[in-house]
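Observations on the three-dimensional arrangement
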Amino acid sequence: MPASTGRFEIAFSASSREPRVVLCATNDANAATMAFHTQLAELCKTRKTGELMVLEDQAAQPLLRQPLHNGSRLLHLPAH
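The structure contained in this document is the topic of the report that follows. This is a predicted model, so every value here is computed, not measured.

This paragraph deals with the overall build of the protein. Within the protein, the secondary structure is distributed over one helix and four strands. Considering the protein as a whole, with its 80 residues, one finds that 29% of them fall into the buried category. The contacts of the protein with a sequence gap of at least 6 include a subset with a gap of at least 24, amounting to 46%. Only carbon and sulfur atoms are counted for the fraction: they give 54% of the accessible area of the protein, which is about 5,500 Å².

The structure is reproduced here in structure tokens:
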């Protein structure tokens, strides 16, 4: 399977009424995945509520989406 060559953005939205805020962007899918997990850990640490997502410029829907409920961890993250 060939690697995607699109632009990936890691974005956060506090609610459906709030605009998405791009936290970082990359042209590499692996780097986008790592950035997603880094941002997820930070948002959980600061107990944010909203939705974290990975967006690709060519995709109609987010490639990855993680709802956050007041910092709850739905994914297991190692403690730092």
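Okay, back to it.
Quick look at the pattern of salt bridges now. A full pass over the atoms with the stated rule returns three salt bridges. Of the charged contacts in the structure, one is a salt bridge between Glu-9 and Arg-7, with a shortest N-O distance of 3.7 Å. According to the relative accessible area criterion, Glu-9 is partly exposed, its value standing at 25%.

As a further point, take the nonpolar core. It is characteristic of soluble globular proteins that their nonpolar side chains tend to be buried jointly. One finds Phe-8, Ile-10, Phe-12, Ala-32, Ala-35, Phe-36, Leu-40, Leu-43, Cys-44, Leu-52, Val-54 and Leu-68 forming the largest nonpolar core, which totals 12 residues. Elements that contribute at least two residues to this core include exactly strand S1 (8–13), helix H1 (29–45) and strand S3 (50–56). With six residues, the top contributor of residues to this core is H1. With residues near it in sequence (within four places) discarded, Leu-52 still touches Ile-10, Ala-11, Phe-12, Leu-23, Phe-36, Gln-39, Leu-40, Leu-43, Leu-64, Arg-65 and Gln-66.

The next subject is the sheet that holds S3. Pairing within the open sheet is antiparallel, and its four strands lie in the order S2-S1-S3-S4. Each edge of the sheet is formed by a strand with only one pairing partner; in this case those strands are strand S2 (21–26) and strand S4 (64–68). Each strand of the sheet is rotated relative to its neighbour by a mean of 15°, with strand direction disregarded. In the sheet, S1 pairs with S3 via six bridges, with the strands oriented antiparallel. Looking at S3, one finds that Ile-10 is bridged to Val-54.

Now for the environment of Glu-18. One can find Glu-18 in the loop between S1 and S2. Given the relative accessible area of 44%, Glu-18 is considered partly exposed.

Thresholds, definitions, all that
- Residues numbered from 1 in each chain as written.
- Predicted model: local features only at pLDDT ≥ 70, side-chain atom pairs only at ≥ 80, totals over all residues.
- Heavy atoms only, no water.
- Helix = DSSP H or I, 4+ residues; strand = E, 2+ residues; numbered from the N terminus.
- Buried < 20%, exposed > 50% of the residue type's maximum accessible area, 1.4 Å probe, protein only.
- Contact = heavy atoms within 4.5 Å.
- Areas by Shrake-Rupley, 256 points an atom, 1.4 Å probe, with all protein chains shown as cover.
- Salt bridge = Lys/Arg side-chain N within 4 Å of Asp/Glu carboxyl O.
- Core = buried A, V, L, I, M, F, W, Y, C linked by side-chain atoms within 4.5 Å.
- Pairing = 2+ DSSP bridges.
- Axes fitted to C-alpha atoms, helices over the stretch in contact; angles between N-to-C directions.

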